[in-house]
Amino acid sequence: MAHTVVFTDHTFGDLDIEREVLAEVDAELIDAEASDESLEAVLADADPDGIIAMYADVDADLLDSIPNCRVVSRTGIGFDTVDLDAATERGVYVTNVPDYCIPEVSDHTIALLLALARKVVDYNDRVRAGEWDVTAGRTMRRLDGSTLGLIAYGDIARAVGEKAAALGMDVIANDPYVDPDDVPDSVTLVDDRAELLAESDAVSIHAPLTPATEGLIGADELARMKETAFLLNTARGGIIDEDALADAIRVGEIAGAGLDVLAEEPPDEDSPLLGLDDVILTPHAAYNSAESVVELREKAARNVAAALAGEVPPYVVNEAVLD
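Residues numbered from 1 in each chain as written. Predicted model: local features only at pLDDT ≥ 70, side-chain atom pairs only at ≥ 80, totals over all residues. Heavy atoms only, no water.

For the protein, an unreviewed UniProt entry supplies the name C-terminal binding protein and the organism Haloplanus rubicundus. The record held by UniProt for the protein lists under Sequence similarities (unreviewed entry) the comment "Belongs to the D-isomer specific 2-hydroxyacid dehydrogenase family." (UniProt positions renumbered as here; feature names shortened; annotations may be inferred.)

### Looking at the layout of surface pockets
Considering only enclosed or pocket space, the second largest pocket measures out at about 600 Å³ in volume. If you go around the second largest pocket, you meet 25 residues; those closest to its centre are L116, A117, K119, F230 and A255. Secondary structure elements with two or more residues in the lining of the second largest pocket: α5 (102-117), α6 (120-128) and β12 (279-281). If one sorts the elements of the lining of the second largest pocket by residue count, α5 sits on top with four residues. Looking at side-chain class alone, the lining of the second largest pocket contains 14 nonpolar, three polar and eight charged residues. (1 Å grid on protein atoms, 1.4 Å probe; cavity = no way out; pocket = protein on both sides within 12 Å on 5 of 7 lines; lining within 4 Å. Points joined across faces, edges and corners; volume = space filled by probe spheres on them. Helix = DSSP H or I, 4+ residues; strand = E, 2+ residues; numbered from the N terminus. Nonpolar A, V, L, I, M, F, W, Y, C, P; charged D, E, K, R; others polar.)

### A look at the UniProt feature "domain: D-isomer specific 2-hydroxyacid dehydrogenase NAD-binding" (unreviewed entry) in the protein
Feature annotation in UniProt assigns "domain: D-isomer specific 2-hydroxyacid dehydrogenase NAD-binding" (unreviewed entry) to the following positions: residues 110-286. Segment residues 110-286 splits into 29% helix and 16% strand. End C-alpha atoms: 11 Å apart.

### Some words on the sheet that holds strand β6 (residues 147-151)
Across the sheet, seven strands lie side by side as β8-β7-β6-β9-β10-β11-β12; this open sheet has parallel pairing. With one partner strand each, in any of the chains shown, β8 (187-189) and β12 form the two edges of the open sheet. Each neighbouring strand pair of the sheet contributes to a mean axis angle of 20°, computed without reference to strand direction. Pairing geometry for strand β10 (residues 230-233) and strand β11 (residues 256-259), over four bridges, is parallel. When the bridges of β11 are listed, N233 appears paired with L259. Sitting on the sheet, helix α7 (residues 155-166) is in contact with β6 and β7 (170-174), with an inclination near 180° to β6. (Pairing = 2+ DSSP bridges. Axes fitted to C-alpha atoms, helices over the stretch in contact; angles between N-to-C directions. Contact = heavy atoms within 4.5 Å.)

### Digging into the environment of D57
Counting through the fold element by element, D57 comes out in the loop between β3 (50-53) and α3 (60-64). Look at D57 and you get exposed, because its relative accessible area is 56%. Through-space distance from the C-alpha of D57 to that of T8 is 9.5 Å; in sequence the pair is 49 residues apart. The residues contacting D57, other than those within four sequence positions of it, are L62 and T81. (Buried < 20%, exposed > 50% of the residue type's maximum accessible area, 1.4 Å probe, protein only.)

### Here's the deal with the sheet that holds strand β4 (residues 71-74)
As summarised here, the arrangement of the five strands in space is β2-β1-β3-β4-β5, forming an open sheet in which the pairing is parallel. Each having just a single partner strand, β2 (27-31) and β5 (93-95) make up the two edges of the open sheet. The average angle at which neighbouring strand axes cross in this sheet is 20°, direction not considered. The pairing of strand β1 (residues 3-7) with β2 spans five bridges and is parallel. Paired with V5 across the strands is L29, a residue of β2. Sitting on the sheet, helix α2 (residues 39-46) is in contact with β1, β2 and β3, with an inclination near 175° to β1. Sitting on the sheet, helix α11 (residues 290-308) is in contact with β1, β2, β3, β4 and β5, with an inclination near 170° to β4.

Set out below in structure tokens:
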């Protein structure tokens, strides 16, 4: 075959979808996950023209070990596991799939909010333990007429806002990179993040993890929130200071949190969040559905196929490489 591609790591049972797409450009796909050798050894033997990566870190040293690589395709929305500067310096495309799970993640965000607001998990645990007590859920507050604050206003946040509005919530958002003309009348842009935190009955994070957003929500930010407010995160775990969040919930500065992502996944057994009743945790599963996984795999593979065919991939993250 004319090209070689290595899939560094994945959670799929087979790679039939990727192989079918890459066959269109005469590319062989090597599954490093199935090899007894280290990833470094697989890459050295394959000398790939492209790689697809799920969780593996792609840094400058790894890129230097595959000098003929033209594209690094990340199977996901985030790309914080890839050294963008190093890739750009070497003329390597970095791609992601930014639009594959918008319905799923927005649904999951609303599900976490509803579970917290209606105490679904707590009620379920109590009933299964033999307790039948409606008063254990007091005091709950209605979502209709309350305010949802969105930190960042990309495609997923927009979908969350639409679904929250259908529940009767007022929606506000803070995103310095958004053109106000692109925001619907049903959403109010707030220039000051501190104002958003103070006004919201629930705050939902939808920002990427970057040096600018790492630790964005810490003790000071949590202190600005209402005591009755919830914090939701289906973006990236490192955006929240988890020790500060646990402290804030423990002392009643906020009412609880719904988190699909954590700074360390899976969390250490001594994570302060694991012992808190007012925290709902899911295992980075917001993206997941039968439909979204197929879409993700096809689009990640097509990013590679385009690059190997001499085209600009559909989803280029480091656009500076085009200059």
